[in-house]
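Survey of secondary and tertiary structure
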Amino acid sequence: MTTINIKPGEKLQLSFDTTTTVQFNVVSDVADPPVVVPPQPPTTVDPNAPLRALAAARGLIYGAASGWQFLHDDVYAPVFAKECGLLVPESELKMVPIRPSATTFKWSGVDWLLGFAQQHGMLFRGHTLIWHLALPDWFNSVNAGNAEQTMRTHVEGCCNHFKGKVHSWDVCNEVVMPADGRADGLRNSKWMQLMGPDYIDKAFRLAHAADPDALLVLNQDRLEFDGTMGKDCRKHTLALLRRLVDAKVPVHALGIESHLNLDPGKFDAELFRRFLADVASLGLKIFITELDVADKPYPADVATRDRLVADLYHDYLEVCLEQPAVTTVITWGLSDKYTWIAEQRPRDDKQAVRPLPLDASMAKKPAYETLRMLLS
Ligand code: XIL
């Protein structure tokens, strides 16, 4: 055996004839060169970075809903683009605006929003395919004989138009409504009356066939409520998801709307934590899809009110973000200048509502600081 010692850094050139067997044993009596660890780049993100960057650094998505007309506001649009990594059309992709007739689609409003999202490197969410609201007048003449074809035309038309361009689709919206009295807790909607309860299964299967790469979401309201309504909504939503997963229906995530409308101190964190864990155990992702806080029950004083709104953002999101299945947080608007709460839940004292992270002049409110802290 021949031993050749070489030093670190020395080169050794060997040549062999084809019959030589060579065995290399690395035997070093020379100390290994010290390992030099290059200085690591800082892993913390600038705490003043916009919400989309803070969330992304944690592997989360932060975004918001907007109507197209609000993004024509020269003050709002740049703030929205800076803070949001995802855009949801607030109403432009509902059936009324995009389906002028049973055979036609009108994409102008929603395509403008998609262009805005693409221009600013934002993800784009499809909201919503099948809903009991925003049904056009012509839908009144749909009957049990052609309802499935109507659904097919709509779902395929939308999914094909946005194929490869959506982060996710809300395939079915607000399908659970225990107050309607069905044993399965499902809403007695027009779709239900025309097609029966498996209209939900059919919608998901159609969407998946049209765009097999899209994340498909069941989006549901009232899940975070206290009391009987919230309890029943959680129970029936979970049962529905379980049934869909067992039947191998392509549902990938639960959207929890999160229009928080609670008296101060009335959020039951433990119950909600358990619900999130139950959903996650089905192998589903969870998106917080429409977060805002109705400030109707809070006192008029702005500082007190903003603090109480921020406290609810905090108590709620802290529980949500503990759950690893929660990957996405979307607020239903960004600034109090543009919020559906103004019409939906106006204050009795007629003061302007303050449900969102920025005030009407784009100043950061305590709720923004809460988001910043929890998304970091
Ligand atoms: C709301 C919009 O914010 C309003 O501007 C519109 O007038 C009605 O719809 N749940 C949903 C959303 O899934 O589509 C709703 O958006 C709010 C409740």
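Heads up: these notes are all about the structure in this document. The written sequence of each chain sets the order in which its residues are numbered from 1. Local features in this predicted model are restricted to residues whose pLDDT is 70 or higher, and side-chain atom pairs enter the listing and the counts only when it is 80 or higher, whereas totals over whole chains, interfaces and linings include all residues. Side-chain measures here rest on the full set of heavy atoms in the structure, leaving out hydrogens and waters.

1. A word on the site of the ligand
The criterion for a residue being near a molecule or strand is simple. One of its heavy atoms has to lie within 4 Å of it. Around the ligand, the neighbouring residues are Glu-90, Ser-91, Lys-94, His-127, Trp-131, Asn-173, Glu-174, Glu-257, His-259, Glu-290, Trp-332 and Trp-340. Nitrogen and oxygen atoms within 3.5 Å of one another constitute a polar contact, given that in protein one can donate a hydrogen and the other can accept it, and given that sequence-neighbouring residues count only through two side-chain atoms. Contacts to the ligand include Lys-94, whose side-chain N or O atom sits 2.7 Å from an oxygen atom. Separating an oxygen atom of the ligand from a side-chain N or O atom of Trp-332 is a distance of 2.9 Å. The Shrake-Rupley method, run with a 1.4 Å probe sphere, supplies the accessible areas, and residue values consider only the shown protein chains as cover. Taken by itself the ligand offers 410 Å² of open surface, and the protein chains cover 73% of this. Three residue categories are used. Nonpolar comprises Ala, Val, Leu, Ile, Met, Phe, Trp, Tyr, Cys and Pro, charged comprises Asp, Glu, Lys and Arg, and polar comprises the others, including Gly. The residue makeup of the shell around the ligand, split by class, is three nonpolar, four polar and five charged.

2. Quick word on helix α7 (residues 199-210)
Between its terminal C-alpha atoms α7 stretches 17 Å, which fits the 16 Å expected from 12 residues at 1.5 Å a residue. The set of residues buried in α7 consists of Tyr-199, Ile-200, Asp-201, Ala-203, Phe-204, Leu-206, Ala-207 and Ala-210. Tucked inside the fold, the buried residues of α7 contact β3 (123-130), α5 (147-161), β4 (168-173), α6 (190-195), β5 (215-220) and α8 (227-246). Segments assigned H or I by DSSP are reported as helices when at least four residues long, segments assigned E as strands when at least two residues long, and all are numbered from the N terminus. Each helix should span, by expectation, one fewer than its residue count multiplied by 1.5 Å. Partly exposed describes any residue whose relative accessible area lies between the buried limit of under 20% and the exposed limit of over 50%, with all areas from a 1.4 Å probe on protein chains only and scaled to the type maximum. Residue contacts follow a heavy-atom distance rule, with two residues in contact if any of their heavy atoms lie within 4.5 Å.

3. Remarks on the layout of surface pockets
Here a cavity means grid points, on a 1 Å grid over the protein atoms only, where a 1.4 Å probe fits yet cannot get out; a pocket means an open set of points with protein on both sides within 12 Å along at least five of seven lines; lining residues are those with an atom within 4 Å of a point. Grid points are joined across faces, edges and corners, and a volume is the space filled by probe spheres set on the points. For the second largest pocket, the calculated volume is near 490 Å³. Lining the second largest pocket are 23 residues, with Glu-174, Glu-257, His-259, Trp-340 and Gln-344 sitting closest to its centre. Each residue belonging to the lining of the second largest pocket can be placed in one class, and the counts come to five nonpolar, eight polar and 10 charged.

4. Some details on the side chain of Asp-295
Turning to its location among the elements, Asp-295 is positioned in the loop between β8 (285-293) and α10 (302-322). With relative accessibility at 0%, the residue Asp-295 sits in the buried group. Within the local environment of Asp-295, its side chain forms a polar contact with the side chain of Arg-305, the two groups lying 2.7 Å apart. The contact partners of Asp-295, leaving out residues within four places of it in the chain, are Arg-305, Val-309, Arg-347, Ala-352, Val-353 and Arg-354.

5. A word on the side chain of Ser-66
Tracing the sequence through the fold places Ser-66 in strand β1 (residues 61-66). With a relative accessible area of 0%, Ser-66 lands in the buried category.

6. Observations concerning the nonpolar core
Within the largest apolar cluster, 102 residues are counted, with the highest numbers of intra-cluster contacts made by Tyr-62, Phe-80, Trp-169, Ile-200, Leu-218 and Ile-256. With nine residues, α10 is the largest single contributor of residues to this core. Counting five residues, the second largest nonpolar core, distinct from the first, contains Leu-86, Val-88, Ile-330 and Trp-332. Throughout, nonpolar core names a set of buried Ala, Val, Leu, Ile, Met, Phe, Trp, Tyr and Cys residues whose side chains join them through atoms within 4.5 Å.

7. Re the pairing of strand β2 (residues 86-89)
Burial along β2 is two-sided: the residues Leu-86 and Val-88 and Leu-87 and Pro-89 are all buried. Any two strands are treated as partners once DSSP identifies two or more bridges connecting them. Where β1 meets β2, three bridges bridge the pair, whose relative direction is parallel. From the neighbouring strand, Ser-66 faces β2, where its bridge partner is Pro-89. Of the crossover connections in this fold, the one passing from β1 over helix α2 (residues 76-83) to the parallel β2 is right-handed. Think of it like this: strands point away, you trace from the first strand over the helix to the second, and a clockwise trace means the crossover is right-handed.

8. Remarks on the packing of helix α9 (residues 269-280) against α10
With axes taken as lines fitted to C-alpha atoms, and helix axes fitted only over the stretch in contact, angles between N-to-C directions fall between 0 and 180 degrees. Between α9 and α10, whose axes approach to 9 Å, the crossing angle comes to 30 degrees. Here α10 runs roughly parallel to α9, going by the angle between their axes. In the packing of α9 onto α10, the handedness of the crossing is right-handed. Between α9 and α10, the contacting residues are Ala-269, Phe-272, Arg-273 and Leu-276 on the first element and Tyr-316, Val-319, Cys-320 and Glu-322 on the second. Broken down by class, the residue content of the contact of α9 with α10 amounts to six nonpolar, no polar and two charged. Throughout, the term roughly parallel applies to angles under 35 degrees, roughly antiparallel to angles over 145, roughly perpendicular to angles from 65 to 115, and oblique to all others. By convention, the crossing between two helices is left-handed when the near helix turns anticlockwise from the far helix through less than a right angle, and right-handed when the turn is clockwise.

9. Points about the pairing of strand β6 (residues 253-256)
Judged by which residues are buried, β6 turns out to be covered on both faces: Ala-253 and Gly-255 on one side and Leu-254 and Ile-256 on the other are all buried. The pairing of β5 with β6 spans four bridges and is classified as parallel. Opposite Gln-220, over in β6, you have Ile-256 as the bridge partner. As a crossover connection, the stretch from β5 through α8 into β6 is right-handed. Looking at chain direction, β6 and β8 are connected through four bridges and run parallel. Within the sheet, the bridge partner assigned to Ala-253 lies in β8 and is Lys-285.

10. A closer look at the pattern of salt bridges
In the sections that follow, a salt bridge refers to a side-chain nitrogen of Lys or Arg positioned within 4 Å of a carboxyl oxygen of Asp or Glu. The tally for this structure, following the rule as stated, stands at 17 salt bridges. Note that Arg-354 and Asp-306 form a salt bridge whose closest N and O atoms lie 2.8 Å from each other. In this pair, Arg-354 is assigned in the loop between α11 (341-344) and α12 (366-375) and Asp-306 in helix α10, connecting sequence segments 48 residues apart. We note that Arg-354, like Asp-306, is buried. Here the salt bridges share partners, and the residues they tie into one network are Glu-148, Asp-198 and Lys-202.

11. Some words on the packing of aromatic side chains
When the centres of two rings from Phe, Tyr and Trp lie within 6.5 Å, Trp using its six-membered ring, the rings pair. Their planes under 30 degrees apart give stacked, over 60 give edge-to-face, and anything left gives tilted. Counted according to the given criterion, the structure contains 15 aromatic pairs. Where Trp-68 meets Trp-112, the ring centres are 6.3 Å apart and the plane angle is 65 degrees; that geometry is what we call edge-to-face. One end of the pair, Trp-68, is in the loop between β1 and α2; the other, Trp-112, is in helix α4 (residues 108-119), with 44 residues separating them in the sequence. Classification of Trp-68 as partly exposed rests on a relative accessible area of 38%. Geometrically, the ring pair formed by Trp-112 and Phe-116 is stacked, given 5.8 Å between the ring centres and 25 degrees between the ring planes. Here Trp-112 pairs with Phe-116, and both are found in helix α4, just four residues apart, close to one helical turn. An aromatic cluster of three or more residues is present, and its members are Phe-105, Trp-107, Phe-124, Phe-162 and Trp-169. A ring is considered to have a charge above it if a Lys NZ or an Arg CZ atom is located within 6 Å of its centre and within 35 degrees of its normal. A cation sits over an aromatic face here: Arg-99 above Phe-105, 4.2 Å from the ring centre.

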